[in-house]
Structures are given as C-alpha cells and as structure tokens.
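Spelled out, the chains give:
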Amino acid sequence: MLERVYRISDEGSWNILKSGLYMCLFNLATLLPVLLLAMVADEMMNRYFGIAHGSIPLWGYWGTAFLLLCAIYFAYRMTYRKKYLTSTQEDMRLRMGIADKIRRLPLSYIGRRDLSDLASTVMDDVAAVELALSTGAAEFIGGFLSGVTTLAILAFYNWKLAGSLAVCLPLVVIVMFLCRIISEGTNQRNRQKKLDISDGLQEYLETIKVLRSSEEMEGYQNRLSVTIKRILKGLVLYEFLSGFAIGLAHNIMRIGLGLIIVTGSTLLISGEIHFFAFLLFLLVAVRIYEPLTKACESLGVMISSLVSAGRIRDLMDYPEQQGDASWQPKSFDIFFDHVSFAYNKKDVLHDVSFTAKQGQITALVGPSGCGKSTLCRLAARFWDVSRGSVSLGGLNINEIAPDTLLKHYAFVFQDVVLFNDTIYNNIKIGKENATREEVLTAAKLACCDEFIDRLPQGYDTVIGENGMTLSGGERQRLSIARAFLKDAPVILLDESTASIDPENETKIQKAIGRLVANKTVLIIAHKLRSIVACDKIVVLNEGNVMESGTHEELMQEDGLYHRLYSLQSESLAWEVK
Amino acid sequence: MKEKGVLGRLFRHMGMFRITMAISIVLSAVSSVINLYAFVCVYDVAKEIVRSLGNMHALDQADMVDMGWRAVFLILMSFGIYGLALLFSHITAFNTVAKLRIQIVRHIGNLPLGYHATNPSGKQRKIIEKNSDNLETLIAHQIPDFAGAVALPIAFLVFMFVYDWRLSFICLIPILVGFGILYYMLKDESEGFAKQYQKSAEDISNAVTEYIRGIAVVKVFGQTANSFRHYKAAVKEYGDYLLKYALSMQNTDSLYHAAINGIFFFLIPGGIILFNTGSNPEKTILSFLFFSVLIPTVATFLARIMNSSSNLMLSKASLDAIDRILKEKPLPETKKPQSPMGYDISIDHVSFSYGETAGKALDDISFDVPEGTITALVGKSGGGKSTIANLIARFWDVDEGAIRVGGVDVREMDYKHWMKRVSMVFQDTNLFKTSVKENVAVFNPDASREDIFQALHLAQCDDILEKLPQGADTVIGTNGIYLSGGEMQRIALARAILKNAPVVLLDEATAFADAENEYRIQKALDELLRGKTVIMIAHRLSTIIHADQICVLERGKIVEKGTHRELMGMHGAYAKMREEYQSSISWRIGGQQYAGARISH
C-alpha cells in the first residue's frame, strides 16, 4: 500500500513494514518488564504474608531482566536501522525518479508551472514523504500492532479489565475523524490566506524602490501590517484549536487509567480477580497508552504527507508524449498546416499555414504576443498543436518520438541556460560524445575563443550558477557554439532583444551567419533590418498570418510589415535632444 | 549552553508578551506535575491493596472507586491546564511573530536600495516566511512542551527522594546515563551536522533549480546521461550524508532508548536485594511498587525532551536568519540635511566596490554634469555604467570621493527630499496591483485627474487606456489583466513625467520592445527628458550623437570623455565602438548586404 501511495519501491515498502514490525517488538519488549516487576512484587508479598519462604532468587530475575534489556536495545536498533536506511534510500530514489520523469515530460508542462513551484515540489514534497516514512510509518505500524496485540492478550486474560482500558479508544477515533473533516476545508482556506500574506510581502519587496521615493511608504507599511496581523490571527487561532483537539484525543485515551482502577477494585473486592492480575493490569495501564499516542501522532504525520504524495503522483502519472523512435527523415521542410493552438484556454494561434523550406531562412515577425515564439516551439513539438498539424519532411511530428525529433533541431534562444560547470562542458552539452577537437572548433566558429582565452583557466573555467560571471553577449555565443557542435539540419533562432554592446553584437552576428548556412532556419526576428535578405518573411498579428513573402514583396503591399519597418527605421534614427 | 542563548534572544523579541510566555511555561509545568499525580493515584490503589492483602474485606470499595475517579479528574484537569498553557503560548506566538514580521517589513523599508538589488525579492520573502513560521511553532508548541518535559522529571526526582532514597539512587543511574547520552548526541557533533545538513540541503535545492532550468537544453540536446550528473551528485551527497549521520547515531540512539526504558533492569535487583537483606519489608514492597508505576513516565518524558531539544537547535538557525535581516544597517541619514542649490551634478574622485572581496567597480572617477544637460555613459557591460547611476540614487554610498548635487554631497541631503528630485527610468518597472491611475500618481498623491491623464497622454499610453475595460481605473496585474513589458514601461514613464523631477537617470537597457512600443517609448522619453539634467546609460550609440557629454567607461575608469565629435576625432575606444556599431546595425542574416542600406549620421 505504501508503494502505491508514496510511489516508493516494493522493496522499500516492505522494509518500512519490517521496521514497523521491529517497532512493535520494541514496544512489546518495553512492556514485558511489567510482568517481571509484577512477579517480583508478588514474590515479595508472598514472603511478607508468609506464603513463601527464603530469599527471592536474584540471579534468575536479573538474568531475565538482562535478556529483556538486550531485546529492547536490539529491537530499537533494528527498527532504527531499517527505517532510516529505507527512508533515505527511497528519498534518493524518489528524487531521481522525479527528475527523470520531468525530463520526459513535454516542455509545455514545465512552461506551465513556474520554476520555483516545480523545484519546491521536488524538494518539499519528497522531504514530507521522507518524514512520513522515517518517523511516521514505522511508529504507526508498530504502535498500532503492539497496542492491539497487548489488548488482545489482556482481553483473553480478563476481558472486563481489558475493556475498561480500551473503552475510550473509539471516542478517540471519532475525535480524530472530526478533526480531519474540519481541517480538510480549513486547510484549503489557510493556504489561500498564507498566499495572501506572501503576495502582499512580495509586492512590497518588489516595489520598495518606488515606495522609498514616494510619500506612500508609511501608509503602505501600515496597510501591510494590518493585513499580516489579521491573517496571522486567524491562522494562529486555527492552529491552537487543532493542537487542542489533538491533545484532547490523547487525553481521552488516558481516562482508561482511572477506569481500570474503578473496575479493578470492584472485581478484586468481589473476589473475581486475584491481586496479581490487578497489579499487572495497573502496571500495563501506565505503559500502554504511550505507543498508542505515538501511533496517533504518526498517523497525523502520514495524513499530512498525503497532499505531498498526491502531488508527486500527479507528476509521475502525467502523460508523456509518444511517437515513433526509429524515424529517419528524408528531407527537412517544416510545414505548418492550418495550425491552431490554445494555451491556458486562450487562443494563441488561429489557422496558421506556411512552409519553412529546407536550406532557406524563414523569418517570423510581428508585435509582441503575436505568436512567433509559440510557432517556433510547436515546430519542435514542445507542445502539441490543438488543431491542424506540423510536419517535418512530410511526416506529422506528432507521430515522432520527441527525443528522436529533437535530434534534428538546434536552438539559439534568448534565455541561454548555462550550468554551473566548466565552459568546456557547457559547450559539450551540444553533443554528448564530442571530441575536444570538435568542441574547440565549435567555440571558434561561434567566436567564443577570444573571450574564453581571456578567462583564468580557459576552457576549464567554472562559470558559476547559470553562468553569472558571463555577459549577455558571451552567453549567446556559448549557446551558438552548442548549436555548431550539434550540427542539426533544422535551426530555430530567437534573435536577442537585449542590448548587447556593439563588439559582442557583431561577433554574434558573424557566428549566426556561419551557423545558418544551408540549414532549414526559422528565426524569430525583432530587428527588421536584419532580415531583409531572408527567403521568406511571415508576418503575424494576434495569432494570424497577416502576410508573407520577401522583404520587397511585403514593402510593396503596404501592410503591417511596411508599417513596422517604417516605425523601426524612425526609432533607429531617434536620439536624445 | 547555546540553546539558552536562543531562548534569551527569543524572549527579547517577545517584549511584554514575555509574561504570557512565562504563564504558559508555568501552566505547562503544573499540568505535567498534575499528570504525574494521576499516576500516583494508581500507586495509592496498589498501596491500599497491599496493606489489606491479609484481609480483603477491609478494603473500602467506595474509597477505591473514588481514587479511580480522582485519577480521571486529574488527567482531565492536567489536560485543561495544558490547554490553557497552549492558549497563552499561542497568544505569545501570534504577538511575537506578527511583531517580528512587521518590524522586518519596516526595517527593510529603510535599508539601502542596494540591499534589495542584491537580495532578490522572492528569496527575501521566503526567508521571512519560513523562519517566522519556524519561530511560531517553537513558541506555540515546543517551548511549553519543553517546560512540561523538564518539570516532570524534576518533580519525579523530588517524589522519589522523599519516598525512598535508596531505590531512587538505583533508578537514577539509567536516567543519568540517558542524560549523558542525550548531551553527547546534542553536543557540537549534531550542531555540526545541522550545519552540514543545511548545506547539503541547499546544494540539492540549487541542483534542482539548475536541473529544471536546464531541462529544455537537456531535452533539446538529448543529453540523457550527462544532464543528471550534477543533480545526481547532489542527491547522492545529500543521501549519503543523511545515511552517514543516521548510522553514526544508530548505536547511541539505541543505547539512549535502552537506558530510559531500562530502569527496571536496576530496579529489580535493587528491590530484591533490599527486600532480602532489609528490615522493613512493607516499606520495601511499597517503594518497589511506587517505582514500578512511575518509571514509564520517565521514559516518555525523557524521549520528549530529546525531541524538543533537537527542535530548539533547528530554531536557532531561524532566529539567526531573522536577526541577520534586522541587523542590516539602514541607510545612514544625516542629522542636518542641506538643500541643493540647483542641479549641477559633480562626480568627484569616486571609488566604489561591491563588498570587500569584489574588485573596484569604480576607480577614481570624476566628471561634471551641468544642470539641464545630457551626459551619456557608454562602454561594455561590467564597465561601471550602472554603478554610477546607482550611486547617484544612493542605492549604495561611495567608498571614496563624493557625489555632489548643486554643491551638496548627496549624503548630506535629506534622503526623501533627494529621491523626490530624481527619476529612475527603466530600472525595472515596479507597478502596483492597483489602478493605472494610482500607479501613475504614486509620487504625486495630490495630482489632479487632468494632470494624471495629461501624463498618460504624454507617455503615449492612450492606446493602453483604450484597451483596458475601465480605462485608467482598471486594476492591473490581477484578474487576467496583464500588460506587456513595453506597455508597463510606458506606464512607468507616465509616472516619471508626472513626477517631473529635475534629474533623470535613464537606462536605455532593455529597450528592444517590439517596433510599435519602442517607437512610443521614444516619444515618451522626449517628453520626459525635456529640460532635465540627464545621466543616461546608452547602448545604442546612434541615440547619443547630440548628447552634451559622452563618458566611455572601461573596467571602472573613464577612458575618454567629450562630445561625439571630439571623441570621433580621437580615433580611440569610442571611435572603435562606433565602427562596430555601424557594422552591427547593417548586418543581414542569410545574404548579401544591401548596398546603401547603412544608416549613418
């Protein structure tokens, strides 16, 4: 069951179960000395009242006590070992499994959820599961089993006494269930409230520059403080009530301690039970609730981990893109055939048709939000189209396995992702089994060699998290070097909008010029003057193809392209006065 | 002990709610002592029975039943008092944490803007939230539970010694052993672990972020095996660390549990020997029973102490994080603020570096910006252009030299006063989730409706207003009403136009919005810059041909200074940049260059 809920391995689930059994042994082992103590007390009494004579045999009892002590030690050690080894192993396995799954998800899934959300899913949810496994599951299984076993044995011995120990347990279950039902709805609302505080804090932190130079600062802070106070008050109150309810449940259980006195003494006086039995039950009574309490607490830990477990399951069950993995392309024309696409229920593209021919450069232009980037991503099956089809070399790309398809693509996008690794390895991403020779050539072709040579350790310089130490232009060139190394027949290019100093800019341009030669190129263009020589320009607006053709053809049409081109020419001539 | 330090610091943050905390601690302690009394009832019953064992009929049934109910009553009372303790601790937690949060909110509002530039807002927010949540749990639950857990063994010890010191001594052995192990476990070793753990948890979190950020690249380049390397290594390190720690504690922890559950191992021989050799068998029997009944509670509470102590240690990290924020020094404010005479800006031998270890971002820089003129800063990224703008706006203060406005050092001016006279454009747009109108009027709360609309009009925002359902009254940033980057920039420009500050710091930076937006932004800039003293970080050299002064920066130094014409005449760095620029703007992808398409001035 654990393996299905938490997505851990069968072996892990079995090991946790075993750990629970050892926990049960431990609980029983801590309970057994009670019997020994009662026996010793009985021996004392027998001698006191002259029923038995001579000394109480010390070694026999002490020896037994020693065995019990050893049993306690080893049972605990076993449960400890099993649960921590297992939970850590499963924690690692889960983290690897999730990472592997993420890799196989369509990129649209990653695009839909923001980065930190996804990262926190992996981190926090797995940690919650780990906690449930390491401190929850074994304690629950052990506490529950040992409690039931003990009660069963006691009931066999004397059901009236055992009954008075257990009579309150159903009540506890009811209280716990009520709590759960109530908290179900409240938790949702509380999460929202916490988000409200977060949003308030986030806006404040983001706008602090503006606030500091305005008169609004104090007012804003006051409003935020009031919000924080109001929301926190509710949250803390709720937290108090739930803490109180849990305490109540535990203490209801303990009422049995008083009840056994009432029942036991009545039975004793009526002669129904012997003193020894009563004493034994009394001693058990002071011990038995501890494992049960722990079982309740652990159940709480496990229940609260279910949300995390659910999120992990959702991720692991998310459908992957399927397709033929053995496909071999014959040609590299990209054909958009009446493509429509909606994203978050919002139409982004309507009925777009055009062909990006092999060996030609096709530019996509249009105002921001017109659908240029989406088209580019659809071409590589980052998403699947809603209607129509995209085909490469005549085959609908929906029928090609994403990994196979992507072998034929290279990308130079604006947001260059670099890894906290050496320059060399960052370029080598382009081709897994590239030789050093190939990497160096690619770097040269991408005009990277000049800045790499200036770095302290050259190609072996580690560039820090996401390449923080490099300038925008240098990052761009590294990503071009990757594309060179990959040498794919289809190139998707997103021209940079960031301002890069002129020297960098010319180098990037030189590199791109080399890269695109004789490839199928789809370029998202921002600077219209740089695409006037393209083979085909597709002009988009609000998801529709407005016009397409060469620069000359479009300029004659006097449509959107003409207007954008003139605006940009005017912008280019702008200067401060 | 370190833990005391944590509590001491925490108590200081509580202010007058130290009283409620104290009440909660006392109540919790009382509750656990009363709880102990419930166990004493069990003993009392055993005692009665033993005393009348010879003659069962002497037992008073009503008496016994009473004792049973008394135990029930004590248990419930103990819980009731514990509930009260929780109530007080939650009151304390709420007030302390709310106070701390508000204190932080106000404090960070006074920090130099440089602090916010280097600490991303999301990260700051998470630190504040996570750590104040931790402290809340600490105050609301762990402190009262800890108090109860400590009070019980103490009360128990008192009970024991009053009862029978000989058996007490014997029972004390495993308890002391237990405490010894506990101390050993929680000592520096585990504190070192907490730090290491934190570090490897951070590593893994960085690795996850990097992995997910890189997922597209990984997919695109089909790097299945390699992509995992870092992530795998981080996960492995984290896992190995956990395992190593868990295994290193396995014997100690097992011993601890054996010790606190093993009191019987000492009690049994002790009791037997005392009985065999002693002279007062009745007393020995009774104390033996007494200890038999009460020792389980010791085990329970010792286990609880262990939990609360390790939690306490983790809370130290939270308190540290919060105190670190509160200890950040606010921007120094002058006692006797001076007002600038005019708005000439003079950068006078200014040096600055971001932190001790970083190199000099600016190295002995000097230039003057006469009032009403435009100075452009050009150069490669990392040359120091933005740093100059940031120092003028007092994100940071200079290390050496001075920045003067109208003859007055910016550090000698009233900060707010100065901020009202500078507009920063294009840093980032920083819009509030309120109406467009309120966003524009944030610096001028008294502005009339006409003024606001005029500013929006001058900032070329008319098309935005037309598009929005309630025009300028539309609340932006929620309910699916989002603006594009270029549109947000124009709203921010309207804000600056309305503010009408005499000094403008302009970063042309991210400018390449789409053609339409760019065109309008430039029109808006024309309005904003008219007649102002302007310092501009320029990227496109074509825009600054007519600037009054151009400073070329390289690695924190000014290498050339002058007008476009003068600099071109020098045939130096500027002239070379200019040449590169010309070639870059006439570049065409995929073909021969168009003759005559060069745009030149």
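Since this is a predicted model, take the numbers as computed values, not measurements.

Caption draft 1: Highlighting the overall build of chain B. Secondary structure summary: chain B contains 20 helices and 10 strands in total. For 601 residues, the compact-globule formula gives about 25 Å, and the C-alpha radius of gyration of chain B, at 37 Å, lies well above that figure. For the C-alpha atoms alone, the extent of chain B along its principal axes is close to 125 × 60 × 50 Å. Looking at chain B as a whole, 47% of its 601 residues are labelled buried. Restricting the contact set of chain B to residue pairs at least 6 apart, pairs at least 24 apart contribute 80%.

Caption draft 2: Structural detail: the sheet that holds strand E6 (residues 422–425) of chain B. Residues and elements named next belong to chain B. Pairing is mixed across the open sheet formed by 6 strands, whose spatial order is E6-E7-E8-E3-E9-E10. Two strands in the sheet have a free side with no partner beyond their single neighbour: E6 and strand E10 (557–562). Pairwise comparison of adjacent strand axes, ignoring direction, gives a mean angle of 15 degrees for this sheet. As defined by bridge partners, strand E9 (residues 549–554) adjoins E10 across 5 bridges and the pair is classed as antiparallel. By the bridge assignment for E10, Glu 554 is matched with Lys 557. On the sheet, helix H12 (residues 385–392) packs against strand E3 (374–378), strand E7 (503–507), strand E8 (533–537) and E9 and is oriented at approximately 145 degrees with respect to E8.

Caption draft 3: Expanded view of the domain arrangement of chain A. Residue and element names in this part refer to chain A. What the domain assignment lists for chain A is domain 1 (1–157 + 298–319) and domain 2 (159–272). The C-alpha-based centres of domain 1 and domain 2 are spaced at 24 Å. On the side of domain 2, 7 residues touch domain 1, which itself brings 5 residues to the contact. Examining the composition of the side of domain 1 that touches domain 2, we find that 3 residues originate from one element, helix H6 (residues 115–157), more than from any other. Per-class residue counts for the side of domain 1 that touches domain 2 are 4 nonpolar, 1 polar and no charged.

Caption draft 4: Up close: the interface of chain B and chain A. At the junction of the two partners, chain B supplies 154 residues and chain A supplies 146 residues. Sorting elements by how many residues they give to the side of chain B that touches chain A places helix H3 (residues 61–109) of chain B first, with 25 residues. Taken together, the residues that form the side of chain B that touches chain A break down as 86 nonpolar, 47 polar and 21 charged.

Caption draft 5: Seen up close, the sheet that holds strand E1 (residues 334–343) of chain A. All names here are of chain A. Strand order in the open sheet made by the 4 strands is E2-E1-E4-E5, with antiparallel pairing throughout. Each edge of the open sheet carries a strand with a single partner, namely strand E2 (346–356) and strand E5 (395–396). Where E1 lies against strand E4 (residues 387–392), 5 bridges are found, and the strand directions are antiparallel. By the bridge assignment, Phe 335 is partnered in E4 with Ser 391.

Caption draft 6: Spatial organisation of the nonpolar core. Leu 282 of chain A together with Val 42 and Val 293 of chain B are the most contacted members of the largest nonpolar core, which has 362 residues in total. Setting aside its immediate chain neighbours within four residues, Leu 282 of chain A contacts Ile 260 and Gly 264 of chain A together with Val 42, Val 45, Ala 46 and Val 293 of chain B.

Caption draft 7: Up close: helix H18 (residues 472–486) of chain A. Residue and element names in this part refer to chain A. Look at H18: 22 Å from first C-alpha to last across 15 residues, which is about the 21 Å you get at 1.5 Å a residue. Across the 15 residues that make up H18, a large majority, 14, are buried. One or two steps after H18, the chain reaches Asp 487, where phi turns positive at roughly 50 degrees.

Caption draft 8: Focus on helix H8 (residues 169–206) of chain A. If you check H8 of chain A, its first and last C-alpha atoms are 53 Å apart, about what 38 residues at 1.5 Å a residue would give, namely 56 Å. Val 172, Met 176, Ile 197, Gly 200, Leu 201, Glu 203, Tyr 204, Leu 205 and Glu 206 of chain A are the residues of H8 of chain A that are buried. Elements that come into contact with the buried residues of H8 of chain A comprise helix H9 (208–212), helix H10 (217–269) and helix H11 (275–304) of chain A together with H3, helix H4 (113–118) and helix H5 (121–163) of chain B.

Caption draft 9: Broad picture of unusual backbone geometry. Residues other than glycine seldom take positive phi values, yet Asp 558 of chain A does so here, at roughly 60 degrees. For Asp 558 of chain A, the position within the fold is in the loop between helix H20 (551–557) and helix H21 (560–572). On the basis of neighbour counts, which here come to 9 C-beta atoms within 10 Å, the residue Asp 558 of chain A falls in the exposed class. Residue Arg 394 of chain B is not a glycine yet carries a positive backbone phi of 60 degrees. Along the chain, the position of Arg 394 of chain B falls in the loop between H12 and strand E4 (400–405). When the 22 C-beta atoms within 10 Å are taken as the criterion, Arg 394 of chain B is described as buried.

Caption draft 10: Looking closely at the confidence of the model for chain B. Averaged over every residue, the pLDDT of chain B is 85; residues scoring 70 or more account for 95%. In the model, residues 592–601 of chain B has pLDDT below 50 throughout and makes 13 contacts with residues more than four positions away in sequence or in other chains.

Caption draft 11: The arrangement of the environment of Ala 132 of chain A in detail. All names here are of chain A. Inspection of the secondary structure puts Ala 132 in helix H6. Distance in space between the C-alpha atoms of Ala 132 and His 551 is 63 Å, their sequence separation being 419 residues. In contact with Ala 132, other than residues within four places in its own chain, are Ala 137, Val 301, Met 302 and Ser 305.

Cut-offs used in this document
Residues numbered from 1 in each chain as written. Chains lettered and ligands numbered in written order. Predicted model: local features only at pLDDT ≥ 70, side-chain atom pairs only at ≥ 80, totals over all residues. Helix = DSSP H or I, 4+ residues; strand = E, 2+ residues; numbered from the N terminus. Rg over C-alpha atoms; globule rule 2.2 N^0.38 Å. Buried ≥ 20, exposed ≤ 12 C-beta atoms within 10 Å, placed from the backbone. Contact = placed C-beta atoms within 7 Å. Pairing = 2+ DSSP bridges. Axes fitted to C-alpha atoms, helices over the stretch in contact; angles between N-to-C directions. Domains from an automatic or database assignment. Nonpolar A, V, L, I, M, F, W, Y, C, P; charged D, E, K, R; others polar. Core = buried A, V, L, I, M, F, W, Y, C linked by C-beta atoms within 7 Å. Expected span 1.5 Å × (residues − 1). pLDDT = per-residue confidence, 0-100.

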